[in-house]
Structures are given as C-alpha cells and as structure tokens.
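Here are the chains, one letter per residue:
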Amino acid sequence: MSHGLALLAAYDQDSSSDNEEEEVKEPPVKKVKLQNPLKNIKIGKESKEDVSDDPSLHDYRIRSFPHVRGNWATYAFIKTEQDWSQLQSRLKTCLAKQDIIAQDIPEPHLSVSKVVTLQYHWIQPFTQAFQAKLKSRLVPFKLNIGQGIKVLVNEDFTRTFITVQVRSHKYLNEVVKCCDETLEAYNKETFYEPPEFHVSLLWALGNQKSVIDVKALEEVLENIDSIQVDFVHCKIGKRIYSLNL
C-alpha cells in the first residue's frame, strides 16, 4: 500500500461455473479515495506569516519601516567611551519640570548614516567595501563635543531626541562620504545634507520640539571629553561589525 492512497479490489470468488470452459470475468476494480493524513500537518512557521508589531513591547515606539523577512536594519556609527549617565539624569530632571517624560538612550553614539535595510547576501560585500574606503582615505582622529543642545524629531514625527552637538571635522565628513558611496552601490538612501552631527542622549514620544526649553537644558551641560575615533561600526540586525581606520 502506498502512502496516503489505498486501493481496494473485490473479487467474486464464486462467479465461476462448474463448466471449466465458461469465461470467468472479474468485476472492475473499485478505487476508494482516502483523506490525506498529512493534509493538516504544518511544519514550522508558514513563510507568508505576517509579523505583527506590538509597540507596548518597546515603549510604544513605532517602526520607521515595516519588518520584511530577509531584510536587515543597518546603520553606521561611531562609539563614544564617555559615561553619559549623569548628564542624562540631569537632562531628564530638567525635562520633567517641563512636563516631558524622557527615556535614556542606551550606549549613546554618533550616527554617520541613516537606518537602511540590506539583504543578507549583501552584508559581507557591503562591509568589505566600506572598510576598504575607510582604510584608504582615513587615519584615527579626535572629535570635540560642542556646548550646545539640539532637539531633533524623526521623519515620522513619532519621537523627539535630546542631543549634544558634535563639531564638524574634515575626517568625520570623509567617514560619511565613504559610507554614502558604499550605500549608493546598493541604491540606498544617503546621510542628511547638510549633516547635523550629534550624540542622542534621551528620547520622548511624539513631536515635542516646540515645547522644550533648550536654554534650560544647556544650563545643565558641563565640559565633555573629546571622542577618539579609531573605528567605525555598523550594526546590521543584532550584529556589530567594527571597521578600523
């Protein structure tokens, strides 16, 4: 018997006569259709399963673009070694007096690209091309943190960011150029023009830019150490790629 299919044959054993010369005819084979036992069995998750996003799982933040299977969220940034916790605390206290609830940004960094998506098979050639450009055109350098607070809002007006400004530098602009050129090969969006270099420290829901007293925030600023740049990092999905200068 083959899988999922049974054939039943009925033969009339008494149909032959006593006359051996009489032709004996067999009745036609009757096929019985059985249900496929594997029909309702599902193996793993269906490839077309929709991914629902629950904002309550991430402080009611909203994705800037929908999740697509096989695409990896990607951005390039420069790490900072400073301990920002005390400044973050002072800024949150100041904002609370303005009736604004803000959240810390873990591991504040300096972005040098927008968030884009890369397909899995692009990851290796992208990081290799970006690394080659950095090595051929840059050396380690230092960046100075400015004494200004900048309030920025994302393109969807769903989040407001409290940032400290970073002074422009010819090597920093060259990092952005290297990244932009690499992204353009994959038809991806390049960085802001002109760039506004900053380190984001806090975020709040919605567009709060018009109601925040920036001068009050700047009063809690103190001198911040310069940033030593030896690497540019790429976060692709949950993985960090470190590209040395």
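Up top is the structure.
Each chain has its residues counted from 1, following the order in which its sequence is written. Reporting in this predicted model follows two pLDDT cut-offs: at least 70 for local features of residues, and 80 or more for side-chain atom pairs to be given and counted; totals over whole chains, interfaces and linings ignore these cut-offs and use all residues. Side-chain metrics rest on all non-hydrogen atoms present in the structure, leaving aside hydrogens and water.

Asker: Describe in detail the overall build of the chain, supporting the description with residues and values.
Answerer: A helix here means a DSSP run of H or I that spans at least four residues, while a strand means a run of E at least two residues long, and both kinds are numbered starting from the N terminus. Across its full length, the chain carries four helices and 13 strands. Three exposure classes are used, based on accessible area relative to the maximum for each residue type with a 1.4 Å probe and protein chains only: buried under 20%, partly exposed in between, and exposed over 50%. Looking at the chain as a whole, 34% of its 245 residues qualify as buried. Sequence separation of 24 or more characterises 79% of the internal contacts of the chain that already satisfy a separation of 6 or more. Throughout, a contact is declared for two residues whenever any of their heavy atoms are within 4.5 Å.

Asker: Could you give an account of the environment of Ser 242, with specific residues and numbers?
Answerer: With respect to the helices, strands and loops of the structure, Ser 242 is situated in strand S13 (residues 239-244). Looking at Ser 242, the relative accessible area reads 43%, which means it is partly exposed. Separated by 115 residues in the primary sequence, Ser 242 and Thr 127 have C-alpha atoms spaced 9.1 Å apart. If we skip the residues at most four places from it in the chain, Ser 242 touches Gln 131, Phe 231, Val 232 and His 233. Whenever two N or O atoms come within 3.5 Å, that pair is a polar contact, provided that in protein one can donate a hydrogen and the other can accept it, and provided that, for residues adjacent in sequence, both atoms are side-chain atoms. Among the polar contacts made by the side chain of Ser 242, one reaches the side chain of His 233 at a distance of 2.9 Å.

Asker: Residue-level account of the packing of aromatic side chains, with values.
Answerer: For Phe, Tyr and Trp, rings pair up if their centres lie within 6.5 Å, where Trp contributes its six-membered ring, and each pair is then called stacked (planes under 30 degrees apart), edge-to-face (over 60) or tilted (otherwise). The full count for this structure, using the stated rule, is eight aromatic pairs. The structure contains a cluster of three or more aromatic residues connected by ring pairs, namely Trp 122, Phe 126, Phe 130 and Tyr 186. Only lysine NZ and arginine CZ atoms are considered, and such an atom sits over a ring when it is within 6 Å of the ring centre and within 35 degrees of the ring normal. Directly above the ring of Trp 203 sits Arg 159, whose terminal nitrogen or CZ lies 5.0 Å from the centroid.

Asker: Got a sec to walk through the nonpolar core? Specific residues and values, please.
Answerer: What makes a nonpolar core is a set of buried Ala, Val, Leu, Ile, Met, Phe, Trp, Tyr and Cys residues whose side-chain atoms join them at distances within 4.5 Å. Of all hydrophobic cores here, the largest spans 53 residues; its most connected members are Phe 130 and Val 164. Per element, the largest residue contribution to this core is six residues, and it comes from helix H3 (residues 170-184).

Asker: Tell me about helix H2 (residues 123-137), residues and numbers included.
Answerer: Helix length check: H2, at 15 residues, gives a terminal C-alpha distance of 22 Å against a target of 21 Å (1.5 Å per residue), a fit within 8%. Those residues of H2 that are buried are in contact with strand S3 (71-79), strand S6 (116-119), H3, strand S12 (231-236) and S13. In this scheme, a helix's expected span is set at 1.5 Å multiplied by one less than its residue total.

Asker: How would you explain the pairing of strand S9 (residues 159-166) if you had to name every residue and give the values?
Answerer: Counted residue by residue, S9 has seven buried out of eight residues, so it is predominantly covered. Bridging between strand S8 (residues 145-153) and S9 involves six bridges; their strand directions are antiparallel. Residue pairing for S9: Leu 152 is matched across the bridge by Phe 161. Only strands that DSSP links by at least two bridges are regarded as paired with each other. Following S8, the chain reverses through five residues before pairing antiparallel with S9; Phe 157 in that reversal takes a positive phi of roughly 60 degrees. Here S9 runs beside strand S10 (residues 198-205); their pairing, made up of seven bridges, is antiparallel. By the bridge assignment for S10, Gln 165 is matched with His 198.

Asker: Go over the pattern of salt bridges, please, and point to the residues and values.
Answerer: Only one rule defines a salt bridge in this text: a Lys or Arg side-chain nitrogen within 4 Å of an Asp or Glu carboxyl oxygen. Here the structure, examined in full by the defined rule, presents eight salt bridges. Here Glu 181 ties to Lys 133 by a salt bridge, and the two come within 3.7 Å at their closest N and O atoms. With Glu 181 in helix H3 and Lys 133 in helix H2, this residue pair connects regions lying 48 residues apart in the sequence. Since its relative accessible area comes to 27%, Glu 181 is described here as partly exposed.

Asker: Summarise the environment of Ser 168; cite the residues concerned and give the values.
Answerer: Tracing the chain through its elements places Ser 168 in the loop between S9 and H3. A C-alpha to C-alpha distance of 7.9 Å links Ser 168 and Leu 143, two positions 25 residues apart in sequence. Leaving out residues up to four positions away in the same chain, Ser 168 has contacts with Asn 173 and Phe 197. Here the side chain of Ser 168 touches Asn 173 through a polar contact of 3.0 Å, side chain to side chain.

Asker: Describe the environment of Arg 239, naming the residues involved and giving the relevant values.
Answerer: With respect to the element layout, Arg 239 can be found in strand S13. Note on Arg 239: relative accessible area 55%, which makes it exposed. Linking Arg 239 and Thr 74, residues 165 residues apart in sequence, is a C-alpha distance of 9.6 Å.

Asker: I'd love a proper account of the packing of H2 against H3, names of residues and values included.
Answerer: To obtain each axis, a line is fitted to C-alpha atoms, and for helices this fit is confined to the stretch in contact; angles are then taken between N-to-C directions over 0 to 180 degrees. At their nearest, the axes of H2 and H3 sit 9 Å apart, and the two run at 145 degrees to each other. Taken as a pair, H2 and H3 cross one another with a handedness that is right-handed. Residues Phe 126, Ala 129, Phe 130, Lys 133, Leu 134 and Arg 137 of H2 touch H3, and the partners they reach there are Glu 174, Val 175, Lys 177, Cys 178, Cys 179, Glu 181, Thr 182 and Leu 183. When its residues are assigned to classes, the contact of H2 with H3 shows eight nonpolar, one polar and five charged. Should the near helix be turned counterclockwise from the far one by less than a right angle, the crossing is left-handed, whereas a clockwise turn marks it as right-handed. Classification convention: Asp, Glu, Lys, Arg as charged; Ala, Val, Leu, Ile, Met, Phe, Trp, Tyr, Cys, Pro as nonpolar; all other residues, Gly among them, as polar.

Asker: Give me the lowdown on the side chain of His 109, citing residues and values where you can.
Answerer: Structurally, the position occupied by His 109 is in strand S5 (residues 109-111). Only 3.4 Å separates the side chain of His 109 from the backbone oxygen of Glu 107, close enough to count as a polar contact.

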